Structure formats: C-alpha cells, structure tokens
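# Commentary on secondary and tertiary structure
These are the residues of each chain, in order.
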Amino acid sequence: MEKQNCYHCGDDCGSDCIEYDQKCFCCNGCKTVYEIFSENNLSYYYDLQSSAGSTPAKIEGKYDFLETESIVERLTEFNDGNIQIVNLYIPLIHCSSCIWILENMNKLNLFISSSQVNFSEKTVRITYNCRKTTLKEVVLLLAKIGYEPYISLEDFDGKKKQIDRSLIYKLGVAGFAFGNVMFLSFPEYFDLNSSEAAGGEFWLNQYQSVFRWLMFAFSLPVVFYAGSDYFISAYKGLRSKILNIDVPIALGVLVLFLRSTLEIIFDWGSGFFDSLTGLVFFLLLGKFFQQKTYSFLSFERDYKSYFPIAVTRINKDGKEESTQVHEIKQGDRLLIRNEELIPVDGVLFKGRAQIDYSFVTGESVPVEIEFGDKVFAGGRQMNGSIEVEALKSVSQSYLTQLWSNSVFKTDKSTRFQTITDSIGKRFTVGVLTVAFLATFFWLFQDPSRAMNVFTAVLIIACPCAIALASPFTLGNMLRIFGQKKFYLRDTNALEQLARVDTAIFDKTGTITTAKRSTATYEGMPLTQEEESLLKNTLRASNHPLSRTLYDILSDYNIITLDDYEEHLGKGLEGSKGDKYIKIGSSEFVGNMEVSDSLNTAVHVASNNSYKGKYVFHNEYREGVSKVFEEMSDALQLAILSGDNEGEKANLEKLLPKLTPLYFNQKPEDKLAFITSLQDQGKKVLMVGDGLNDAGALAQAEVGIAISENINVFSPACDGIMDASKFKQLYQYIVASKKAMKIIKLSFLLSLLYNVVGLYFAVTGQLEPVIAAILMPLSSISVVVFTTVMTNLLGRKLD
Amino acid sequence: MSVIYVLLAISITVAIVFFIAFILSVKNGQYDDSYTPSVRMLFEDELVKQKKDLQQSNLDTSIESNN
C-alpha cells in the first residue's frame, strides 16, 4: 500500500489511515481538528501551509484548576468582570498557518472578541467576554485544535512583565536631534555665515545665533535624556573605583556640551552640537544592536517554569479538588494523572508508577517505582494515574531546594570585566595624560588657547569607535551563532566563552542521546526460535525496557502466544508450543550468578535454563570522542555525572586518556565542584541539560544547555545549543576567540583615528567641521570592519 | 518677521510631528513585535470567499438568463 501522510499534521499514517472527506488522517485527533476547521470555514488554514497542524493531546481534567477564581485573576492581564485579556504561551506556533488560525479564534468561539499572535515570542493575546465564556473554555478550545498553551507556575508567580522600551525612545530622541542639528549646522559647514566682508551671506550671518540656540535646544534632551545612562554608569563605576569605558564617554559628552554652550554664549564659535548628538546616536545604536536577544527562548527558567500551577488533591472525604501547588502540605494525598508532573517529593500510595526523570537528570528511560517507595519532584508519570502522599512542601523538595542557593540570586554579568572596560581604563588614563600635557605646554606657549586645547583633546578622544567595536562584533557573532542553532543569552556570554580554559560535561542527556539507548547481549547465544519468542513476548509489554529491547531486536513474524503473563516489577513469561521463556530481573529468571554490573540489564531464560542478559548502554552522541579530542589540547576536561559508575569503562574508551570522571554527583555537588575549580582561578564552561545541572550552569562562567528541541524546557543558562550541533562545540569556542581578536583589531583602527584627531586637538586647530567628519567616520569604519570580518568568520562555521 | 523664522518654524514643526508619531507608535507597541505583522498582511481577506460565492451566483444567474 502506498504510504500516505496525514492531511493535518503530515505524519506518516502507516497502514491504518482514517479517511474523511477524501483526505487521509493519522488519528482521530487530527481528523477532529480538520472537522472543526472545515465546519467553520477555516480550511484556508491548509492552503497557507500544508500539514501544518499538530495532533491534539488528551487533556482530561488537566485544566480544572482554571475554574478557581484566584488563579484566573493571577493569569489574566486585564479583568474587569466583563472582559478578560490573557496572554498565553503556545510553544507549537511555528508557521503562518498557526498565526492565521489563532487570529481567527473568534470564529470558533463567538465570545472571543480578538486574538493577536506575537510570532517571535510564540504567544497569543486573547480578549474574551468572561460572562459568556471562561478562561478554561478558551484554553480547552486551544488544546482541542492542537495548540495547547503552556501554563506553568512561573506565570502564576511571576509579576506581569513590563516591556522596557526606553532604549528605543532614547534612540529615537537622539536620532531626531542628530538629524535636525545636522540640518541646522549646514550654514556653518559651508561657511555661509562668515562675515559680509569675506563674501558671506548677510542674512544667514544675521540669524546665526538663532541657528545656534536651536541646536542647543535640540541637544538638551540628547545630553540629559538619551545620554543619561552613560553618566549614571560612569558615576557608578567611579564610585566603586573602576574606570570603565563609560567614564571617557561621559567626560567627552559633558565637555562637548559645556564647551559648545560656552562658545555660543560668548560667540566664540558654532559649538560641536552636531558631533555631540551624532556621538550619542551612534553609541545608542551600538547598544541597540547588542541588545538583540532571542525573544522566543528563555534563559532564566527555573523549576517554576515547568511545574504546574495546580494539582488534584484528594481530600479526606475522598473527593478530588484542585489545589495550588504552593498550598500542598506534608501528608496531602495527590492524584497524578498520566503525563502529569510530580510537584513535590512523596511516597507512592496507589497505582503503577513509571516515572520519567528526563527533565531532572536527562535520563530518558522511565524508572519503575513500587508501592511505598519515594518519588521525587520533577518526575513525570508515564503510565496511568497514581496517588502520592506528599512528604514535603514544593520549595523544600530535593530538587527545588537547590534554588535557595545564593548563586541564583547574583547577576552573572557583574562578576567580570568586559574587554571594552579593561581597555577603557588604560584609554582614560592615556587621554587624561595627553590632555594635561598639551594644556601644560600651551599654558607656557599661549595661555589663551590652553583651555581650548584641553577640551578639544577630551572631545576628539571620546572613544565612540571603541565603544562600538565590541557591541557590533559580538552582536553580529551572536546572530551568526543563532542561525547555526547555538543561542547565547547575551554578548557577555560570548566574551566569557572566548576565555574558558576548563570544560565540564554532564553525562546523561548531554553527551548521550535522549532518544535511544543500545543494548548488548551477553551469555549463551539464543536460537532463532527463542529470539522470535522473545520478541513476541516483549510485544505485549508496555514496560519501557521491553519497548526499547523490542525495537532493537530484528524483525520476526507475529506469532500468537499460547500463554502470556506479566509480573509487576519482576518480568514477563510467555510460551508457545513446548517453548517457554522468562524475561526480567536476575532473580525472576533464576540466575544464580551474582551480578557485578551496575548497568540496567534484562535477563532471559528459556525452558527454565538461564541463557544470558541484555545490558543497556547509553548511546553517545555522534562525534563525542572527536569533540573531546579537539578540546583536550586547549582545555581541561571532566565529566560530572549524577549516575553510578556503570558506564565508566565505556567512557574511558571513548574519551581522551586521563579525562577525570566523577560519578554519583548530587546537584549540590556539581555546583560545589565548579566553585572549587573557580577558586583555583579556572574559567569554567559547564555543558549540561537537566535541572540537576542548574546550579552548576549558573555558577560556571558559561553554562550551556544541550537541548534536543530548543523550544522545550531547558534550565537557566547562558546559552542553549541544539543537540545536533554538539559536535561543533569546539568550533564555536574557537570562533568566539577569533571574535575577540577582531575586537582588538578594531580598537587599533579606532586608535589610528584618535591619533589623527589628537594631532588637530593638541596643535589647537580643531574646527567643529573636522570633529563632525572624524567622529562619524571612525565609527562607521569600525562598524564596517567588524561586520565584514564577523561575516567572514561566520562563513567558515558550518 | 523674516522668512527664515517661518521656514525654520515649518521645518521644526514637521520634524516634531513625525517625532510625536514615532513616540506614539512605540507606545502602542508597534516595535515590540517586528515579525508577525509582516506575515499577517499576506493573509487573504475574508471577503475573498464571499466574492467567490458572489461570482459563482452571478455566473449561475447569467447561465440561467442565457437559458
């Protein structure tokens, strides 16, 4: 039969295609979404982009908490008892079809008055009439059409986000003033207002003071509003006795403004208002470029952004009720449904627990928990509902208490000095020396020009180009990295990455893949018949190890078993004819040997005689040993794993000799390990993936989270890297080192301009027009140089 | 009053009008999302479908009248 893809989601339908309206669907969920769309005349959705949809997930009872008024109040942006506005994060938004359908929500629910998508942030803002419909209905409708919103504890706890637009305002003010001042300076540039005797224009000459005072008026908002950040930063720097790059900038702006004002008051000249406004405009432009972030990614996430807001609690009368997770107390009984997250540490009370801790540890194989055993917060129940009795409150659980560590409260960017600031210190000292020497010289030569020279030096040496070199280079590199699926939080992270000398890796989920694991067989070889029986017995089992093993074994024809039995937590039994097979734990199959392996293994016995075992291994990412080999020359490497030592031998084979391996590391241990390296003066790069690495990621100079799907959860970090790019990790580090070289070269370039400018300044010949040409020219050439160089660098990266 | 005052006043007024327009557009959030509007403007209007229906019915009536 010809393979058909689902009309709605594009998945392969396999052999069982559900036909409806002459179209093929992979499942009933997809068919339902199509029905909803076509009934409401919304099938344009499929014209925009074919197979854009996604299969709706089953959500029974999941959003019951949205009935609670206090929760709705916290989630909505606006609520007057009549109209409610809510902004929902929908990770699935990915194409124009998504935008279209979500903005046509009002056709599916008449009480939704408008919905607006922000594509880059993957959010939709929905306005609806809350007398006629509820938030729960809106969310359920979204889920029903395959766009399930992601509502987490963070939305509940977080304050309403204020968008900071001040930089755009400042840029606008500076650009507006810059343009107008340039325009008003034209008479001065062309010397039209020189005296009538010299052939100048009489009427422009007469009104020159009007032009000058207008320029003064335009420069006021630039100095006192647009440039205010530089004064504040310079003041802060000086107070903590640091000469950062903003000190010479603030000095330059201030001197420019004062001298220009004095010049027009006493009619000495036209002032430097054009250079002043231009300088601030270019500086802000650099800042704007540097500020570029990936709005669809969050680098600040902690456990809150993926914990649920509410869970179902079973109260004393045996009734289910929805409770906020903060209100869970010790001893509460909680109902955890399939695919739901366990918010607190607890004891399994009822049901079969198979818990996926992949968010926490990166390990993808679910763990089976028996009655009375402990379950930890952060795990996801995979198989039916269970009941759990809470042992602790949310913030005191094993995982969540990591966030009380002070490392999560300090701002990383204040912990190091950027290359621009370290240059700024030397630069300031140099400029001040030149300024005083020149003034000193002129005091003896011609005291009337001393003040002129002093201010001219400070003006021309204003390090505009130096301040631009770093934001443009790093900003551009950040964008290039982003195109290659390596997303860094900001330019500081890139600068730090260039400096690292130690790289620490988590094991599970970081250097191993989350998708598959491999198993090797050890023991007496199985016959064809036995393997066939083995595979067919495994077919019936839902246990994750059975599923994995089933996928690994080669294909056999389906045979109907005469007898099949699954023993919970022990293993499987199956028989066909006179063949009888037992699969499961060592004791279950009757293995007498004491197992010395720490790895997970499935044992097999045929007709009551022990055959052997399948030992499971993590599958390592492609190119792991190559990456380690490349890096081992330049960096110190180590592995920090939360697992046992079962993989030690495999890792030793894979990694360069003598790579230190540490096992059984708790989240706090990882953090402490990084701190101890830093105490030795190391600059540490931490590469991890799960929440258990969160502390180490935050403590390290650069923390990079590896993610199979960058839109899904990743812990707070400085960079998120697509898992497919892992093998190029070292190339990114090399590229960032080269970017620092580009910055240093552009410093040299701008210093050249400064030397030329200083020549005019020191000799007392600095005309406003020279300043007006030199300052933008140096800035523009630095911007062009860095852009061209970084793009060349980016081309080498693949 | 000299013409230069008039000219300066006009030019600055025009500039300030645009400046205010810019400030208002930032305030309204036009700079918050610079991608979605570029996609949104490419969507066909709802009217198109009705027009098609109209054309279809026109066609039908014209066929009928021909008969």
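Just so it is clear, the model here is predicted, and its values are computed rather than measured.

Helix and strand content of chain B: 3 helices and 0 strands. Starting at the N terminus and walking to the C terminus, you meet the elements of chain B as α-α-α. By the burial criterion, 0% of the 67 residues in chain B qualify as buried.

In this section: the UniProt feature "transmembrane region" (unreviewed entry) in chain A. Residue and element names in this part refer to chain A. In this structure's numbering, the residues bearing the UniProt feature "transmembrane region" (unreviewed entry) are residues 167-190, 210-231, 243-262, 268-289, 427-444, 450-474, 742-762 and 768-793. Secondary structure content for residues 427-444 is 100% helix and 0% strand, and the end C-alpha separation is 26 Å. Structurally, residues 742-762 is divided into 100% helix and 0% strand, and its ends, taken at the C-alpha atoms, are 30 Å apart.

Once that is clear, we can look at the sheet that holds strand 12 (residues 367-369) of chain A. All names here are of chain A. Spatial strand order, 12-11-14: 3 strands in an open sheet with antiparallel pairing. Strands at the two margins of the open sheet, each flanked by one partner only, are strand 12 and strand 14 (380-381). Note: strand 11 (residues 353-356) against strand 12, 3 bridges, orientation antiparallel. Residue pairing across strands places A353 opposite I369, the latter belonging to strand 12.

Another aspect to go through is unusual backbone geometry. The residue A:K485 is not glycine, and still its phi comes out positive at about 65 degrees. Among the structural elements, A:K485 can be located in the loop between helix 16 (464-483) and strand 16 (486-488).

Residue and element names in this part refer to chain A. V253, V280, V457 and L685 are the most contacted members of the largest nonpolar core, which has 191 residues in total. Excluding anything up to four places from it in sequence, V457 contacts V431, V434, A435, A438, L758, A761 and V762. Counting residues in each nonpolar core, the second largest holds 16 residues, with L533, L545, V604 and Y614 among its members.

The partner chain B presents 16 residues to the 18 residues of chain A that form the contact. Every element with two or more residues in the side of chain A that touches chain B is listed here: helix 4 (96-103), strand 5 (112-118) and helix 7 (166-189) of chain A. Of all the elements, helix 7 of chain A adds the most residues to the side of chain A that touches chain B, at 5 residues. Along the lines of polarity and charge, the residues of the side of chain A that touches chain B split into 12 nonpolar, 5 polar and 1 charged.

Let us now look at the domain arrangement of chain A. Interfaces are frequently sized by the accessible area removed from exposure as the parts join. Here chain A is described as being made up of domain 1 (1-55), domain 2 (64-151), domain 3 (166-293 + 415-472 + 767-787), domain 4 (303-404), domain 5 (476-513 + 622-737) and domain 6 (515-620). In this structure, domain 5 of chain A and domain 6 of chain A have C-alpha centres spaced 36 Å apart.

This part takes up the sheet that holds strand 6 (residues 123-129) of chain A. All names here are of chain A. Within the open sheet, the 4 strands sit side by side as 3-4-6-5. Their pairing is antiparallel. The sheet is open, and its two edges are formed by strand 3 (76-79) and strand 5, each paired on a single side. Averaged over neighbouring strand pairs, the angle between their axes works out to 10 degrees when direction is ignored. Here strand 3 pairs with strand 4 (residues 83-89) via 3 bridges, running antiparallel. Bridge pairing in strand 4 places F78 opposite I85. Across the sheet, helix 4 touches strand 5 and strand 6, and the angle it forms with strand 5 is around 160 degrees.

All names here are of chain A. One can describe the packing of helix 16 onto helix 17 (residues 491-499) by two numbers: an axis separation of 9 Å at closest approach and a directional angle of 90 degrees. Accordingly, the angle class assigned to the pair helix 16 and helix 17 is roughly perpendicular. Across the interface between the two elements, P471, L474, G475, M477 and L478 of helix 16 pack against T491, L494 and E495 of helix 17. Considered class by class, the residues forming the contact of helix 16 with helix 17 number 5 nonpolar, 2 polar and 1 charged.

Moving on to the pairing of strand 26 (residues 684-688) of chain A. Residues in a regular strand project their side chains so that they alternate between the two faces of the sheet. Residues and elements named next belong to chain A. Burial within strand 26 is extensive, with 5 of its 5 residues counted as buried. Neither face of strand 26 is open: one carries V684, M686 and G688, the other L685 and V687, and all of them are buried. Two elements, strand 17 (residues 502-506) and strand 26, share 4 bridges in a ladder whose sense is parallel. Bridge pairing in strand 26 links F505 to V687. As judged from the 4 bridges shared by strand 26 and strand 27 (residues 702-707), these two strands associate in the parallel manner. Across the sheet, residue M686 finds its bridge partner in strand 27, namely G703.

Moving on: the packing of helix 9 (residues 208-226) of chain A against helix 11 (residues 246-265) of chain A. Residue and element names in this part refer to chain A. Relative to each other, helix 9 and helix 11 sit at 160 degrees, their axes nearing to 11 Å. When the axes of helix 9 and helix 11 are compared, the pair comes out roughly antiparallel. As helix 9 packs across helix 11, the resulting crossing turns out to be left-handed. Facing helix 9, whose interface residues are R212, W213, F216, S219 and V223, helix 11 presents V253, F257, T261 and I264. Considering only residue class, the contact of helix 9 with helix 11 consists of 6 nonpolar, 2 polar and 1 charged.

Here is what the cut-offs are and how they apply
Residues numbered from 1 in each chain as written. Chains lettered and ligands numbered in written order. Predicted model: local features only at pLDDT ≥ 70, side-chain atom pairs only at ≥ 80, totals over all residues. Helix = DSSP H or I, 4+ residues; strand = E, 2+ residues; numbered from the N terminus. Buried ≥ 20, exposed ≤ 12 C-beta atoms within 10 Å, placed from the backbone. UniProt positions renumbered as here; feature names shortened; annotations may be inferred. Pairing = 2+ DSSP bridges. Core = buried A, V, L, I, M, F, W, Y, C linked by C-beta atoms within 7 Å. Contact = placed C-beta atoms within 7 Å. Nonpolar A, V, L, I, M, F, W, Y, C, P; charged D, E, K, R; others polar. Domains from an automatic or database assignment. Axes fitted to C-alpha atoms, helices over the stretch in contact; angles between N-to-C directions. Parallel < 35°, antiparallel > 145°, perpendicular 65-115°, else oblique. Left-handed = near helix turned anticlockwise from the far one by under 90°.

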